[in-house]
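Residue-level structural notes
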Amino acid sequence: MKASRARLFKEYKEVQREKAADPDIQLVCDDSNIFKWTALIKGPSETPYEGGVFQLAFSIPEQYPLQPPQVRFLTKIFHPNVHFKTGEICLDILKNAWSPAWTLQSVCRAIIALMAHPEPDSPLNCDSGNLLRSGDTRGFQSMARMYTRLAAMPKKG
């Protein structure tokens, strides 16, 4: 646990130092628990998520960085690799392809890349995956854009 705490403090310092370097990601550590983090990530441009800001919740195991963090979307998102109700993310680096070289910041980057390049063949959201697998890109993008507007964009007025 001591090693994981030291690693997380190191990542915390890096995040503080590099805030301006990556404007698409805002990582925040819980004030009272270094094993709980949240992130705000911007939807990638030229995707149905563009203009949206999505909140992620990180739960870091005591064996970190030897084990991956648990990450889920708190913001509703229509995406084949994200469970619509729980926000669970199907991403290999959060499961069997994890390496201690990954940081919380790089996990956020990988999630942004997944948003831009969905993998419909391993869906957690079957409706979304089926639209893409059947070639209905327009239908998928329309639904994803609608949920982005409803859940991830600031309300006007």
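Residues numbered from 1 in each chain as written. Predicted model: local features only at pLDDT ≥ 70, side-chain atom pairs only at ≥ 80, totals over all residues. Heavy atoms only, no water.

The name recorded for the protein in an unreviewed UniProt entry is E2 ubiquitin-conjugating enzyme, from Hibiscus syriacus. Under the UniProt heading Sequence similarities (unreviewed entry), the entry covering the protein gives this text: "Belongs to the ubiquitin-conjugating enzyme family." (UniProt positions renumbered as here; feature names shortened; annotations may be inferred.)

Regarding the overall build of the protein
When you go through the protein residue by residue, the secondary structure sums to four helices and four strands. Ordering the α and β elements of the protein from the N terminus gives α-β-β-β-β-α-α-α. Relative to the globule expectation of 15 Å for 157 residues, the C-alpha radius of gyration of the protein, 16 Å, shows essentially globular dimensions. Referenced to the eigenvectors of the C-alpha coordinate spread, the extents of the protein come out at roughly 50 × 40 × 25 Å. Within the protein, the fraction of its 157 residues that count as buried is 41%. Averaging the positions of the 20 positive and the 16 negative side-chain charges in the protein gives two centres separated by 5 Å. (Helix = DSSP H or I, 4+ residues; strand = E, 2+ residues; numbered from the N terminus. Rg over C-alpha atoms; globule rule 2.2 N^0.38 Å. Buried < 20%, exposed > 50% of the residue type's maximum accessible area, 1.4 Å probe, protein only. Lys, Arg positive; Asp, Glu negative; His and termini not counted. Charge placed at Lys NZ, Arg CZ, Asp CG, Glu CD.)

With respect to the nonpolar core
Core analysis: the biggest nonpolar cluster contains 38 residues, and I41, L56, F58, F73 and I89 have the highest contact counts within it. Counting only elements with at least two residues in this core, the list comes to α1 (2-17), β1 (25-30), β2 (33-42), β3 (53-59), β4 (70-73), α2 (104-116) and α4 (137-151). Here this core takes eight residues from α2, the largest share from any one element. Here F73 is in contact with I41, F54, Q55, L56, V82, T86, G87, I89, I111 and M115, once residues within four sequence places are set aside. (Core = buried A, V, L, I, M, F, W, Y, C linked by side-chain atoms within 4.5 Å. Contact = heavy atoms within 4.5 Å.)

What about the packing of aromatic side chains?
Inspection of the entire model under this criterion finds seven aromatic pairs. One aromatic cluster is present, formed by F78, F84, F140 and Y147 through successive ring pairs. The ring of F84 has K76 lying over it, and the distance from NZ or CZ to the ring centre is 5.2 Å. (Phe/Tyr/Trp six-rings, centres within 6.5 Å; stacked < 30°, edge-to-face > 60°. Lys NZ or Arg CZ within 6 Å of the ring centre and 35° of its normal.)

As for the packing of helix α3 (residues 126-133) against α4
Where α3 contacts α4, the axes come no closer than 7 Å and their chain directions differ by 145°. As α3 packs across α4, the resulting crossing turns out to be left-handed. In contact with S128, L131 and L132 of α3, α4 contributes T137, G139, F140 and M143. Tallied by class, the residues present in the contact of α3 with α4 amount to four nonpolar, three polar and no charged. (Axes fitted to C-alpha atoms, helices over the stretch in contact; angles between N-to-C directions. Left-handed = near helix turned anticlockwise from the far one by under 90°. Nonpolar A, V, L, I, M, F, W, Y, C, P; charged D, E, K, R; others polar.)

Comments concerning the sheet that holds β3
Taken in spatial order, the four strands line up as β1-β2-β3-β4 in an open sheet, and their pairing is antiparallel. In the strand order of this sheet, the two ends are held by β1 and β4, each with one partner. Neighbour to neighbour, the strand axes of the sheet diverge by 20° on average, direction disregarded. Inspection of the sheet shows β3 paired to β4 by four bridges, in the antiparallel sense. Paired with L56 across the bridge in β4 is F73. (Pairing = 2+ DSSP bridges.)

Some remarks on a nonpolar patch on the surface
Together, M143, M146 and L150 line one region of the surface with nonpolar side chains, adding up to about 260 Å² of accessible area. If you trace the backbone, M146 turns up in helix α4. On the accessibility criterion, M146 (36% relative accessible area) is partly exposed. (Patch = residues over 30% accessible without salt bridge, like charges linked within 9 Å, V, L, I, M, F, W, Y side chains within 5 Å. Areas by Shrake-Rupley, 256 points an atom, 1.4 Å probe, with all protein chains shown as cover. Salt bridge = Lys/Arg side-chain N within 4 Å of Asp/Glu carboxyl O.)

Thoughts on the side chain of N125
Relative to the elements of secondary structure, N125 occurs in the loop between α2 and α3. In contact with N125, not counting residues within four places along its chain, are F78, H79, P80, V82 and F84.

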